[in-house]
Amino acid sequence: MIYLDQAATTKVCDEAKEAMEPFLRDSYGNPSSLYELGERAKEAVEESRRIIAESIHCSPEHIFFTSGGTESDNWVLEHAFLKGRQILTSTVEHHAILNKCQQIQNRGGEVCFLPTDSEGKIRLNLLEENIVPRKSLVSVMFANNEVGTIEPVEEIGNIVKKNHCEFHTDAVQAFCHVPIDVEKMGIDYLSASGHKIHGPKGVGFLYVRNYQDFLPMIYGGEQERGMRAGTENVPGIVGMGAAVKVQMHNLSEKIRREERLRNYLANRILREIPGCRVNGSVHRRLPGNLNVSIEGIEGAAMVTLMSDDEICISAGSACASGQAGPSHVLKALGQSDEQAYRAIRLTLDDTNIKEEIDRTVECLKQNVNRFRRGAR
């Protein structure tokens with residue numbers, strides 16, 4: 001099987017599995033317990049917190065563990081609503097943001113959805129026009145989960161800081177795939193998830209700059225310093241920490257390898273399959289992301305045909321795969337329904353190799369030709 005849907009989820013790396021295993025068997029203590037078994041678990045949780053904090057250039061006390069990116073996103077937006085803030089976001093966000101913002105609107109909250117350009121980048125002039133000094137929370141994703149476009153994060157941070165507001169970024173797709181510095185980029189909140197970086201599913205974190213004024217998400221015990229009650233997912237947290245350590249080692253070299261492989265894939269598809277176009281930014285995109293529209297096909301049908309060849313690709317975000325309509329991201333980029341339905345997404349990382357790309361392109365060519373002949 002060839003797996004080119006790394007943006008949907010990733011295989012747990014050996015280092016994460018090995019790190020988790022003791023906490024599933026012998027070191028099963030509750031981190032809140034005072035005896036050695038509990039202390040061992042607590043130390044492991046804090047070590048993962050330290051590793052993650054170092055990866056985004058902050059202190060460990062600013063990291064709060066959650067069940068994943070969706071919970072982290074919801075936590076920030078709910079806090080903003082309860083504090084009476086205006087929420088500024090974009091039309092290309094993940095549904096964890098969009099659907100929560102819709103729910104906040106239904107409860108009387110003020111939400112403004114800003115359009116993007118044709119590459120999926122937020123229009124900074126519109127951000128400046130709509131931000132309310134000292135009142136807005138700006139929530140813009142670091143990089144898009146469908147088309148891979150990387151937003152002008154540092155520029156957004158500067159605008160937010162100038163207006164004495166707060167900036168949240170959903171970095172689920174970007175974390176451990178591109179460098180992130182929350183201080184340099186002016187980020188006040190950052191969401192991330194373990195299963196996008198070869199860690200386990202069901203665990204993530206939220207970075208909070210000014211946590212002293214931050215409202216708890218779940219009430220109960222004193223876990224996560226009283227901010228997120230409930231016994232910690234120790235194996236998951238440990239596995240995520242181990243995965244972060246692996247991914248951050250020689251990150252710049254990993255990025256170069258992924259970009260070379262992705263560019264090779266893109267060039268072959270554009271050169272050998274007529275009627276193709278790349279969606280999103282050509283230059284400012286995640287190193288392993290390729291979203292391409294192909295004339296005369298249907299993306300969902302192509303996913304099925306490629307699956308028959310034991311090649312995993314997608315027609316968009318895994319979280320939106322059950323929706324009836326076309327991709328909201330491609331629609332926000334100005335594409336028609338017909339154009340949006342033609343898109344497929346191929347996402348790779350440094351675990352993929354050139355031979356897999358060659359076989360993928362050959363199968364894609366055959367399936368495109370088969371589909372086009374059938375359409376006639």
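Quick note: structure is the one above.
First, a word on what this report is: a plain description of the structure on this page.

1. Comments concerning the pairing of strand 10 (residues 289-294)
- With six of six residues buried, strand 10 is to be regarded as a mostly interior element.
- The side-chain alternation of strand 10 yields two buried faces, one formed by Asn-289, Asn-291 and Ser-293 and the other by Leu-290, Val-292 and Ile-294.
- Here three bridges tie strand 9 (residues 276-278) to strand 10, and the two strands are oriented antiparallel to one another. Bridge pairing in strand 10 links Val-278 to Val-292.
- Here five bridges tie strand 10 to strand 12 (residues 343-347), and the two strands are oriented antiparallel to one another. Each residue of the ladder has a partner; that of Asn-291, found in strand 12, is Arg-345.

2. Side note on the environment of Gly-29
- Residue placement: Gly-29 occurs in the loop between helix 1 (14-24) and helix 2 (36-56).
- C-alpha separation for the pair Gly-29 and Asp-14, spaced 15 residues apart in sequence, amounts to 23 Å.
- Leave out the neighbours within four places in its chain, and Gly-29 touches Leu-37, Gly-38 and Ala-41.

3. Section: the sheet that holds strand 7 (residues 189-193)
- Read from one edge to the other, the open sheet built from seven strands follows the order 2-8-7-6-5-3-4, with strand pairing classed as mixed. The open sheet has two free edges, formed respectively by strand 2 (63-66) and strand 4 (111-114), since each of these has just one partner strand. Sheet twist, expressed as the mean angle between neighbouring strand axes with direction ignored, is 20 degrees.
- In this sheet, strand 8 (residues 204-208) lies alongside strand 7 in antiparallel orientation, the contact comprising five bridges. Counted as the bridge partner of Ser-191 is Leu-206 from strand 8.

4. Some thoughts on the layout of surface pockets
- In this structure, the second largest pocket encloses a volume near 290 Å³.
- Residue lining of the second largest pocket: 14 residues in total, with Lys-11, Val-12, Cys-13, His-198 and Thr-351 positioned closest to the centre.
- Listing elements by their share of the lining of the second largest pocket, those giving two or more residues are helix 1 and helix 7 (234-248).
- When grouped by side-chain class, the residues that make up the lining of the second largest pocket number five nonpolar, four polar and five charged.

5. Thoughts on the packing of aromatic side chains
- All chains considered together, the criterion is met by five aromatic pairs.
- Look at Trp-75 and Phe-214: their rings are 5.2 Å apart centre to centre, the planes differ by 40 degrees, and that puts the pair in the tilted class. Of this pair, Trp-75 sits in helix 3 (residues 69-82) while Phe-214 sits in the loop between strand 8 and helix 7, placing them 139 residues apart in sequence.
- Residue classification places Trp-75 among the buried residues on the basis of a relative accessible area of 1%.
- Classification of Phe-214 as buried rests on a relative accessible area of 4%.
- Geometrically, the ring pair formed by Phe-175 and Phe-205 is edge-to-face, given 5.1 Å between the ring centres and 75 degrees between the ring planes. Separated by 30 residues along the polypeptide, Phe-175 in the loop between strand 6 (166-170) and strand 7 and Phe-205 in strand 8 bring together distant segments of the chain.

6. A closer look at the pattern of salt bridges
- Evaluation of the coordinates by the stated rule reveals 32 salt bridges.
- Put simply, Arg-228 and Glu-71 hold a salt bridge, and the shortest N to O gap is 2.7 Å. Here Glu-71 lies in helix 3 and Arg-228 lies in the loop between strand 8 and helix 7, a separation of 157 residues in the sequence. Across this residue pair, the class does not change: Arg-228 and Glu-71 are buried.
- With a closest N to O distance of 2.9 Å, Glu-338 and Arg-342 form a salt bridge.
- The exposed category is assigned to Glu-338, whose relative accessible area is 55%.
- In the salt-bridge network here, residues are joined through shared partners; they are Arg-268, Arg-271, Glu-272, Lys-354, Asp-358, Glu-362 and Lys-365.

7. Thoughts on the packing of helix 1 against helix 7
- At a minimum axis separation of 8 Å, helix 1 and helix 7 run at an interaxial angle of 155 degrees. Classified by the interaxial angle, the pair formed by helix 1 and helix 7 is roughly antiparallel. Read as a crossing pair, helix 1 and helix 7 show a hand that is right-handed. Across the interface between the two elements, Glu-15, Ala-16, Ala-19, Met-20, Phe-23 and Leu-24 from helix 1 touch Val-234, Pro-235, Gly-236, Val-238, Gly-239, Ala-242, Ala-243 and Val-246 from helix 7.

Definitions and cut-offs
Residues numbered from 1 in each chain as written. Predicted model: local features only at pLDDT ≥ 70, side-chain atom pairs only at ≥ 80, totals over all residues. Heavy atoms only, no water. Buried < 20%, exposed > 50% of the residue type's maximum accessible area, 1.4 Å probe, protein only. Helix = DSSP H or I, 4+ residues; strand = E, 2+ residues; numbered from the N terminus. Pairing = 2+ DSSP bridges. Contact = heavy atoms within 4.5 Å. Axes fitted to C-alpha atoms, helices over the stretch in contact; angles between N-to-C directions. 1 Å grid on protein atoms, 1.4 Å probe; cavity = no way out; pocket = protein on both sides within 12 Å on 5 of 7 lines; lining within 4 Å. Points joined across faces, edges and corners; volume = space filled by probe spheres on them. Nonpolar A, V, L, I, M, F, W, Y, C, P; charged D, E, K, R; others polar. Phe/Tyr/Trp six-rings, centres within 6.5 Å; stacked < 30°, edge-to-face > 60°. Salt bridge = Lys/Arg side-chain N within 4 Å of Asp/Glu carboxyl O. Parallel < 35°, antiparallel > 145°, perpendicular 65-115°, else oblique. Left-handed = near helix turned anticlockwise from the far one by under 90°.

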